[in-house]
Amino acid sequence: MTECINKYNANDLVNALIQLCIALDGTAKNEYPRMKKVGERFKAFIKANQDIITFFTFNTNIFIDCEFGGYAIEQFIYKVLRCGLLHEGEVSAMFKFAEAGEPILIGGKQWRFPRTFVFGTLLAVIGAPTNARQSVGDHIGVTVMGKSFKVNELWGRADLVRKAMKPPVAAALSP
């Protein structure tokens, strides 16, 4: 996980994505031990965490069970990203990271995500209950919607990530 964080912070996004896919594989295997097929458990993990992943990918917008360009997000991440990296040794031409100022693009021919896709997916992995005993250097922190955390506080605590994603509830004034 530290390698993924370091690559992300260095803006080496392709290598961060490689490390992330490895972490996703291992986490999905631990989260869904009864599922024997890699693709099934990988997609199940993504689907279960699509709120966290899409929140960070799509600028605080959450997409649940949506299909874009013929793919649900869990299918795209598995088939195009993970399998492309693992079996072809490269990121599919169908996926690009958006440069600063470029719009997000989702379609049949290309998906272009901001770097925050890696951040959100990484938080989903960190928050997985089976990762509760993991740790990284105590100096590594993240900020979610203005709330700062040490990464070590978030291991196995997707509930804390989800809580931080929600805006504070304003008190209603009565007339």
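A short tour of the structure in this document, coming up. What you see is a predicted model, and the numbers here were worked out from it, not measured in a lab. (Residues numbered from 1 in each chain as written. Predicted model: local features only at pLDDT ≥ 70, side-chain atom pairs only at ≥ 80, totals over all residues. Heavy atoms only, no water.)

A word on the overall build of the protein chain
Put simply, the test is: Elements are defined by DSSP. Helices are runs of H or I of four residues or more, strands are runs of E of two residues or more, and each kind is numbered from the N terminus. For the area figures, the Shrake-Rupley method with a 1.4 Å probe applies, and any residue is considered shielded solely by the protein chains shown. The sign given to each residue is positive for Lys and Arg and negative for Asp and Glu; His and the chain ends receive no count. To locate a charge, take NZ of a lysine, CZ of an arginine, CG of an aspartate or CD of a glutamate.
A count of helical and extended segments in the protein chain gives eight helices and seven strands. Taking the principal axes of the C-alpha coordinates as reference, the protein chain spans close to 60 × 35 × 35 Å. A total of about 9,600 Å² of accessible surface is found on the protein chain, and carbon and sulfur atoms cover 52% of it. Computing the positive centroid from 21 side-chain charges and the negative centroid from 16, the protein chain places the two 5 Å apart.

Here we look at the environment of Leu122
Which entries qualify depends on this criterion: Should any heavy atoms of two residues lie within 4.5 Å, those residues are considered in contact.
Assignment of secondary structure puts Leu122 in helix H6 (residues 116–127). When the C-alpha atoms of Leu122 and Lys163 are compared, they prove to be 17 Å apart, with 41 residues separating the residues in sequence. With residues up to four places along the chain from it excluded, the contact list for Leu122 reads Met1, Cys4, Ile5 and Leu20.

Considering unusual backbone geometry
We count it as follows: Exposure is judged per residue with a 1.4 Å probe applied to protein chains only, and the accessible area is read against the type maximum: over 50% gives exposed, under 20% gives buried, and values in between give partly exposed.
Phi is positive for Asn59, which is not a glycine, with a value near 55°. Among the structural elements, Asn59 can be located in the loop between helix H4 (50–57) and strand E1 (67–68). Judged by relative accessible area, which is 62%, Asn59 ranks as exposed.

Examining the environment of Lys150
Of note, Lys150 is situated in strand E7 (residues 147–150). Take Lys150: its relative accessible area is 37%, and that puts it in the partly exposed class. C-alpha separation for the pair Lys150 and Asp138, spaced twelve residues apart in sequence, amounts to 6.8 Å. Beyond its immediate chain neighbours, meaning those up to four positions away, Lys150 contacts Asp138, His139, Ile140 and Gly141.

A word on the sheet that holds strand E3 (residues 95–97)
This is how it is decided: Two strands qualify as a pair provided that DSSP identifies no fewer than 2 bridges between them.
On the basis of which strands lie adjacent, the open sheet formed by three strands has the order E3-E5-E4 and mixed pairing. Edge positions in the sheet fall to E3 and strand E4 (105–106), since each has one partner strand and no second.

Regarding the packing of aromatic side chains
Rule in force here: Within 6.5 Å between ring centres, the rings of Phe, Tyr and Trp (the latter by its six-membered ring) count as paired, and their orientation is classed by plane angle as stacked under 30 degrees, edge-to-face over 60, tilted in between.
The full count for this structure, using the stated rule, is 18 aromatic pairs. Consider the rings of Phe63 and Phe68, whose centres lie 5.6 Å apart with planes at 85°: the pair is edge-to-face. Judged by centre distance (5.0 Å) and plane angle (80°), the ring pair of Phe95 and Phe97 falls under edge-to-face. The exposure class assigned to Phe97 is buried, which follows from its relative accessible area of 15%. Taken together through their ring pairs, the aromatic side chains of Phe58, Phe63, Phe68, Tyr71, Phe76, Phe95, Phe97, Trp111, Phe113 and Phe117 make up a single cluster.

As for the packing of helix H2 (residues 13–31) against helix H3 (residues 38–48)
When two helices pack together, their arrangement is given by the angle between the helix axes and the distance between those axes. Let me state the cut-off plainly: Helix axes are fitted only over the stretch in contact, all axes being lines through C-alpha atoms; the angle between N-to-C directions runs from 0 to 180 degrees. Our angle categories are set so that under 35 degrees counts as roughly parallel, over 145 as roughly antiparallel, 65 to 115 as roughly perpendicular, and the remainder as oblique. Only Asp, Glu, Lys and Arg are considered charged, only Ala, Val, Leu, Ile, Met, Phe, Trp, Tyr, Cys and Pro nonpolar, and every remaining residue, Gly among them, polar.
Here H2 crosses H3 at 95°, and the two axes come no closer than 8 Å. One finds that H2 runs roughly perpendicular with respect to H3. Facing H2, whose interface residues are Cys21, Leu24, Asp25, Thr27, Ala28, Lys29 and Glu31, H3 presents Val38, Arg41, Phe42, Phe45 and Ile46. Grouping the amino acids of the contact of H2 with H3 by side-chain chemistry returns seven nonpolar, one polar and four charged.

What to know about the pattern of salt bridges
Which entries qualify depends on this criterion: The salt bridge definition used is simple: a Lys or Arg side-chain nitrogen within 4 Å of an Asp or Glu carboxyl oxygen.
Enumeration over the complete set of coordinates arrives at six salt bridges. Between Asp65 and Lys47 there is a salt bridge, and its shortest N-O distance comes to 2.3 Å. In this pair, Asp65 sits in the loop between H4 and E1 while Lys47 sits in helix H3, placing the two residues 18 residues apart along the sequence. Among the ionic pairs, Arg157 bridges to Asp159, the shortest N-O distance being 2.7 Å. Residue class for Arg157 comes out partly exposed when judged on its relative accessible area of 34%.

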